[in-house]
Amino acid sequence: MKLGDDADEIDLDVTLEKYDVTKAFLMKLLTQFAAEANVLLPTIMAEGARDRLVLASGGVARDFLTIVNRSVQVARERLISGKFARGLKIGSEDVNVAAGQQGAYKEEDFNRDTGTEDRDRLISNFTEILQFCTMKTKANCILIEKDMTSPHVETINELVDLKFLHRAKFRVTVRDRTGRLYDAYMLDLNQYAGERARRDFEMVKFGGLTRMMRSARQA
């Protein structure tokens, strides 16, 4: 079978750039799976968990469904152990735990798929970004100046492919930097899910993109 002649490729992966469209697509997908199991989604999942799932997946349908599955398991184990303080439905904290578990598998894939030299380079660059976000700016997004030529830009694209970073918004403008354009990237959720409570960490909300433009920091 030849792609393009005998069959068309359907890309199910969307991005966070068009957050509302991405959320609607992923939730429609999940709702259809729930219907097959005769389950009404609102009866088992809190609204906040839905947004957290979209962020955790970065818009990748496969990752979204995988984290949903892990979130169900996390919530079930929590309820079986008698921990009802976070409610009887799958909540955002359950998604955080599931995203952390998924992150461990991403690291295994990363170690398996990269050579020692590339691995050391990517880890070093990602550690710098992670420290910049969690220690300096305390926000989950960074801004990279558009059309900047630097080895770091290529590294950013590699980290996106590895799903350590996610593309969030293109052609971002900053009020006090007239004439300059930036691309916004978001850390993968498992890298910062616990930061908000411990370090007053700002999780940029994608429901209002203008707020994200004002809140995201420049790297």
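Residues numbered from 1 in each chain as written. Predicted model: local features only at pLDDT ≥ 70, side-chain atom pairs only at ≥ 80, totals over all residues. Heavy atoms only, no water.

Caption draft 1: Looking closely at the packing of helix H1 (residues 19-36) against helix H3 (residues 47-57). Where H1 meets H3, the closest approach of the two axes is 10 Å, and the angle between their N-to-C directions is 105°. Looking at the two axes, H1 sits roughly perpendicular to H3. For the pair formed by H1 and H3, the contact residues are Tyr19, Thr22, Lys23, Leu26 and Met27 on the first element and Glu47, Arg50, Asp51, Val54, Leu55 and Ser57 on the second. Here the residues of the contact of H1 with H3 are counted per class, giving 5 nonpolar, 2 polar and 4 charged. (Axes fitted to C-alpha atoms, helices over the stretch in contact; angles between N-to-C directions. Helix = DSSP H or I, 4+ residues; strand = E, 2+ residues; numbered from the N terminus. Parallel < 35°, antiparallel > 145°, perpendicular 65-115°, else oblique. Contact = heavy atoms within 4.5 Å. Nonpolar A, V, L, I, M, F, W, Y, C, P; charged D, E, K, R; others polar.)

Caption draft 2: Layout of unusual backbone geometry. For asparagine 38, which is not glycine, the phi dihedral falls at a positive 60°. Its location among the elements puts asparagine 38 in the loop between H1 and helix H2 (41-44). Located in the positive-phi region is lysine 138, a residue other than glycine, with phi close to 55°. Relative to the elements of secondary structure, lysine 138 occurs in the loop between helix H6 (116-137) and strand S1 (141-145). Accessibility expressed as a relative area gives 34% for lysine 138, which makes it partly exposed. (Buried < 20%, exposed > 50% of the residue type's maximum accessible area, 1.4 Å probe, protein only.)

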